[in-house]
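# Residue-level structural notes
The residues making up each chain are set out below.
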Amino acid sequence: MHTTESLTSYQDLLGAIAAAGESRDILDPATGEVVAAAPIHTVDDLEKSVAAARAAQPSWAALGHAERSAFLFKAADAVEAAAEALAELLSREQGKPLNGPNARFEVGACAAWLRATASFELEPEVLVDDEGGRAELHYRPLGVVGAIGPWNWPMMISVWQLAPALRMGNTVVMKPSEYTPLSVLALAAVLNQALPADVLHVVSGGRDVGEALAGHPDIDKVMFTGSTATGKAIIRSSADTVKRLTLELGGNDAGIVLPDADPAAIAEDLFWGAFINTGQTCAALKRLYVHEDIYDAVVDALAKVAAAMPMGVGLDENNVLGPLQNKAQFQIVTDLVQAAKDAGARIVTGGNPQTDQPGYFYPATLVADIDNDNPLVVQEQFGPALPIIKYSSVDEAVEMANGLDVGLGASVWSADKDAALAVAARIEAGTVWINKHGAVDPRMPFGGAKQSGYGLEFGVEGLKGLGAPQVLSY
Ligand code: NAD
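Residues numbered from 1 in each chain as written. Predicted model: local features only at pLDDT ≥ 70, side-chain atom pairs only at ≥ 80, totals over all residues. Heavy atoms only, no water.

For clarity, the threshold we go by: UniProt positions are given in the numbering used here, feature names are shortened, and annotations may be inferred rather than shown by experiment.
By the naming in an unreviewed UniProt entry, the chain goes by Aldehyde dehydrogenase family protein and is assigned to Arthrobacter caoxuetaonis. You can read under Sequence similarities (unreviewed entry) in the UniProt record for the chain the words "Belongs to the aldehyde dehydrogenase family."

### Looking at the overall build of the chain
Spelled out, the test is: Helix and strand definitions follow DSSP, with helices as H or I runs of at least four residues and strands as E runs of at least two, each counted in order from the N terminus. All radius of gyration figures rest on C-alpha atoms, and the globule criterion is 2.2 Å times the number of residues raised to 0.38. Using the Shrake-Rupley algorithm and a 1.4 Å probe, accessible areas are obtained, with residue cover drawn only from the displayed protein chains. In this tally Asp and Glu are treated as negative and Lys and Arg as positive; neither His nor the chain ends contributes. Charge placement uses NZ in Lys and CZ in Arg. For Asp and Glu, CG and CD serve respectively.
Within the chain, the regular secondary structure consists of 16 helices and 20 strands. Relative to the compact-globule value of 23 Å for 474 residues, the chain shows a C-alpha radius of gyration of 23 Å, a close match. The principal-axis extents of the C-alpha atoms in the chain amount to approximately 65 × 60 × 40 Å. Carbon and sulfur atoms provide 52% of the accessible area of the chain, an area that totals close to 18200 Å². The distance from the centre of the 32 positive side-chain charges to the centre of the 59 negative ones in the chain is 3 Å.

### Side note on the site of the ligand
Going by this rule: One heavy atom within 4 Å of a molecule or strand makes the whole residue count as near it. Think of a polar contact as two N or O atoms within 3.5 Å of one another; within protein, one of them needs to be a possible hydrogen donor and the other a possible acceptor, and neighboring residues in sequence only count if both atoms come from side chains. Under the convention adopted here, Pro, Cys and the residues Ala, Val, Leu, Ile, Met, Phe, Trp and Tyr are nonpolar, Asp, Glu, Lys and Arg are charged, and Gly plus all remaining residues are polar. Boundaries of every domain are those given by an automatic assignment or by a domain database.
Taken together, 29 residues surround the ligand, and among them Lys175, Glu178, Ser227, Thr230 and Glu380 come closest. Between the ligand and Gly226, the relevant distance is 3.3 Å, taken from an oxygen atom to a main-chain nitrogen or oxygen of the residue. A distance of 3.4 Å is found between a nitrogen atom of the ligand and a backbone nitrogen or oxygen belonging to Glu248. Protein burial of the ligand: of its 850 Å² of free accessible surface, 93% is covered by the chains. Of all the secondary structure elements, the ones that give two or more residues to the shell around the ligand are α8 (207-215), β8 (221-225) and α9 (228-238). By residue class, the composition of the shell around the ligand is 13 nonpolar, 10 polar and six charged. Counting the residues that make up the shell around the ligand, at least three belong to each of domain 1 (10-249 + 452-473) and domain 2 (253-441).

### Section: the pairing of strand β11 (residues 285-291)
Put simply, the rule is: For every residue, the accessible area (1.4 Å probe, protein chains only) is compared with the maximum for its type, and the residue is labelled buried under 20%, exposed over 50%, or partly exposed between those bounds. Should DSSP find at least two bridges between two strands, the strands are taken to pair. The handedness of a crossover follows from its direction of travel: if, with the strands pointing away from the viewer, the path from the first strand over the helix to the second runs clockwise, the crossover is right-handed.
Within β11, seven of the seven residues are buried, which leaves it mostly tucked inside the rest of the structure. Here strand β10 (residues 253-257) runs beside β11; their pairing, made up of five bridges, is parallel. For Gly255, the partnering residue across the bridge sits in β11 and is Leu288. For the crossover from β10 across helix α10 (residues 263-275) to β11, the handedness is right-handed. Summarising the sheet, β11 and strand β14 (residues 385-391) pair through four bridges and their orientation is parallel. Its bridge partner being in β14, Val290 is matched across the sheet by Lys390.

### Here's the deal with the environment of Leu166
Inclusion rule: Contact between two residues is taken to exist if any of their heavy atoms lie within 4.5 Å; hydrogens are not considered.
As for its placement among the helices and strands, Leu166 is situated in helix α6 (residues 154-167). Once residues lying within four places of it in the same chain are set aside, the contact partners of Leu166 are Trp60, Arg68, Leu72, Thr171, Val172, Leu195 and Val199.

### A word on the domain arrangement of the chain
So the rule is basically this: Note on terms: buried area is the combined drop in 1.4 Å-probe accessible area of two parts once they are placed together, counting the loss on both. Any carboxyl oxygen of Asp or Glu within 4 Å of a side-chain nitrogen of Lys or Arg constitutes a salt bridge here.
Segmentation of the chain into domains returns domain 1 (10-249 + 452-473) and domain 2 (253-441). A separation of 30 Å is found between the C-alpha centroids of domain 1 and domain 2. Counting residues at the interface gives 29 residues for domain 1, matched by 30 residues for domain 2. For the pair domain 1 and domain 2, the two sides together bury roughly 2400 Å², of which 61% comes from carbon and sulfur. A per-residue breakdown of the area domain 1 buries against domain 2 is headed by Pro29, Trp151 and Ser452, which together make up 22% of the total. A salt bridge links Arg104 to Glu317, with the shortest nitrogen-to-oxygen separation between them at 3.0 Å. Our count for the domain 1 to domain 2 interface comes out at 13 residue pairs in polar contact (both at pLDDT 80 or more). Listing elements by their share of the side of domain 1 that touches domain 2, those giving two or more residues are α4 (83-94) and α5 (103-119).

### As for the pattern of salt bridges
Opposite charge on two side chains lets them pair, provided their charged atoms get close. For the coordinates displayed, the defined rule picks out 19 salt bridges. Across the pair Asp218 and Arg54 runs a salt bridge whose closest N-O atoms are separated by 3.5 Å. Of this pair, Asp218 sits in the loop between α8 and β8 while Arg54 is found in helix α2 (residues 43-62), placing the two residues 164 residues apart along the sequence. Across the pair Glu80 and Arg115 runs a salt bridge, and its minimum N-O distance is 3.0 Å. Taken together, the residues span a long stretch of sequence, with Glu80 in helix α3 (residues 65-81) and Arg115 in helix α5 at a distance of 35 residues. Since its relative accessible area comes to 24%, Arg115 is described here as partly exposed. Each member of the salt-bridge network shares a partner with another, and the members are Arg54, Asp218 and Asp220.

### Some points on the side chain of His291
Structurally, His291 can be placed in strand β11. His291 sits in the buried class, given a relative accessible area of 8%. At 3.2 Å, the side chain of His291 forms a polar contact with the backbone oxygen of Ser392. Filtering out sequence-adjacent residues up to four positions away, His291 remains in contact with Val257, Leu258, Pro259, Tyr391 and Ser392.

### Digging into the UniProt feature "active site" (unreviewed entry) in the chain
Per the UniProt record, the feature "active site" (unreviewed entry) sits at Glu248. Following the sequence through the fold, Glu248 ends up in strand β9 (residues 244-248). Judged by its relative accessible area of 4%, Glu248 is buried. The contacts of Glu248, once residues within four sequence positions are left out, are Phe224, Thr225, Gly226, Leu408, Phe446, Gly447, Gly448, Ser452, Gly455 and Glu457.

### Brief notes about the packing of α3 against α5
To keep it simple, the criterion reads: Orientation is described by lines fitted to C-alpha atoms, with helices fitted over the stretch in contact, and by angles between N-to-C directions that extend from 0 to 180 degrees. Working definition: roughly parallel below 35 degrees, roughly antiparallel above 145 degrees, roughly perpendicular at 65 to 115 degrees, and oblique for all remaining angles. Helix crossings are classified by the rotation of the near helix relative to the far one: an anticlockwise turn of less than a right angle makes the crossing left-handed, while a clockwise turn makes it right-handed.
Close contact between α3 and α5 brings their axes to 8 Å; oriented N to C, the two are set at 165 degrees. Taken together, α3 and α5 sit at an angle that is classed as roughly antiparallel. For the crossing formed where α3 meets α5, the hand is left-handed. On the side of α3, the interface is formed by Ser69, Leu72, Phe73, Ala75, Ala76, Asp77, Val79 and Glu80, while α5 contributes Val107, Cys110, Ala111, Leu114, Arg115, Ala118 and Ser119. Class assignment for the residues of the contact of α3 with α5 results in 10 nonpolar, two polar and three charged.

Below you can see the structure in the form of structure tokens.
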């Protein structure tokens, strides 16, 4: 175990993650410049990491909750000591600006989630206690947890996976997205200063490594965050070993604005609900349903907010919106906005990316007067384009919100909390927010309905998801 938090500067971080063997350059999505070389790990490397994590697991489990939590608190301190350097690397690799709800916010959330996860009480539950006997429900460690992550919030989502896994006495092998390996390698290097050897590994490989992890006989559970299509592939790969799975998959979150909402008062929160991380957020507002009485007022208010949000290179302190993380994502957004234009929808703002400059910048785009069956509405665009659909009755809005096969988050916007709650109860989504969207909290279980996945993260429910339930009956 390392006891000092010596990795605090950007150069330290790059040194800690420098690739020893085969590597490939990772490019800054805002400038095209090389950030650093990332190692290319293989299935052989995965085998070594799984074996080392397996060997380390019994003594980690034997420490018990209090000691493991103490390690997680130290890990949070290490993240804070390296916060600025981590935020810079995250900004360069992922593209998100330092400021706004972006890179510094993400690193801060890593420390906050580590501490919260270390703090929850998980007592055995007494199920029966009478003259016939007593029964208790305990949660034992599962063994080795595999964690496969996406490129949009690479550090924060890694912590969402590894913190409860470690807390519950498991060791962890992470497989970051091939688009953002440096962020996860650097985060793990920082955390490993505080953790015992071999409880946390990162294998920086491609899909083949992800597939091998999902089918590996020595992996007891997979925590997966990514697209619904990959989630289905992981279900198949994990079937032969009957692996436990938590699947946080794609979304296409609806927001419903009721006729009594105040457009000017909600516009900024609506904007960030949709455009956080330049729209590359699983539980971001992706379809906005607005009552016809206030439709024009909401569109105008949103356009004013959008015009005031600077987009550009993440390391520029002024910017709050960044580029799309990769070319494929840029193309998806370009094609979907084009489909909306072709169908006669109205581009209120944005919709005209500059392709003669470096960087995958796509301007914040509001699309009005669009049909509910347009591809920009029904497909997860995962970028800075918000379709705004007009409705005339709440029943119609609820039906449209529930009309897709995904249901991660949703929101209802109204001056009348009770009216909003009544609508929320009719929406098929794992979380429904009132007058906000996407506000996750380590104390509140988070997970998807329908094809947005299954299993819960965060809170005590999240801890239980990383344990093997065992009933003791005596
Ligand atoms: P993705 O599914 O393309 O990739 C995610 C990870 O899976 C990567 O590490 C990738 O290498 C790996 N992978 C790919 N094929 C695999 C296979 N066959 N077996 C095992 N692993 C494999 O997702 P992405 O493009 O990186 O992320 C964007 C998606 O993630 C969006 O759909 C978004 O909604 C979703 N997401 C969901 C949540 C949530 O909490 N529900 C959070 C963030 C992102």
